[in-house]
Amino acid sequence: MIELWVEKYRPKKVGDYVFRDDAQRRQVNSWIKEGSIPHLLLSGAAGIGKTTLAKVLCNELNIE
């Protein structure tokens with residue numbers, strides 16, 4: 001099976017994700033430290049990292 005480029009190089013850990021600012025980084029790190037994610041609605045233009053952030057959060061909290 002051929003692995004898609006976007007899946008192969010998508011960040012898997014929060015340290016590899018590129019945040020838009022420090023406030024966003026602190027908020028995501030606090031969710032990970034608490035061990036829970038609030039109800040989120042990620043919105044924005046295509047290609048800004050909504051799906052990647054969701055997958056990183058799920059990976060960090062061992063949610064499948």
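Computed from a predicted structure; not experimentally measured.

What counts and how
- Residues numbered from 1 in each chain as written.
- Predicted model: local features only at pLDDT ≥ 70, side-chain atom pairs only at ≥ 80, totals over all residues.
- Heavy atoms only, no water.
- Helix = DSSP H or I, 4+ residues; strand = E, 2+ residues; numbered from the N terminus.
- Buried < 20%, exposed > 50% of the residue type's maximum accessible area, 1.4 Å probe, protein only.
- Contact = heavy atoms within 4.5 Å.
- Areas by Shrake-Rupley, 256 points an atom, 1.4 Å probe, with all protein chains shown as cover.
- Lys, Arg positive; Asp, Glu negative; His and termini not counted.
- Charge placed at Lys NZ, Arg CZ, Asp CG, Glu CD.
- pLDDT = per-residue confidence, 0-100.

The next thing to look at is the overall build of the protein chain. Secondary structure assignment for the protein chain yields 3 helices and 0 strands. From first element to last, N terminus to C terminus, the protein chain shows the α and β order α-α-α. Taking all 64 residues of the protein chain together, 20% fall into the buried category. For the protein chain, the share of sequence-separated contacts (at least 6 apart) that also reach a separation of at least 24 residues comes to 68%. On the protein chain, roughly 5300 Å² of surface is accessible, and the fraction owed to carbon and sulfur atoms is 55%. Charge centroids of the protein chain, computed over 10 positive and 8 negative side chains, lie 3 Å from each other.

Averaged over every residue, the pLDDT of the protein chain is 93; residues scoring 70 or more account for 100%. Averaged pLDDT values over the elements of the protein chain bottom out at 90 in helix α1 (residues 5-8) and peak at 95 in helix α2 (residues 22-34).

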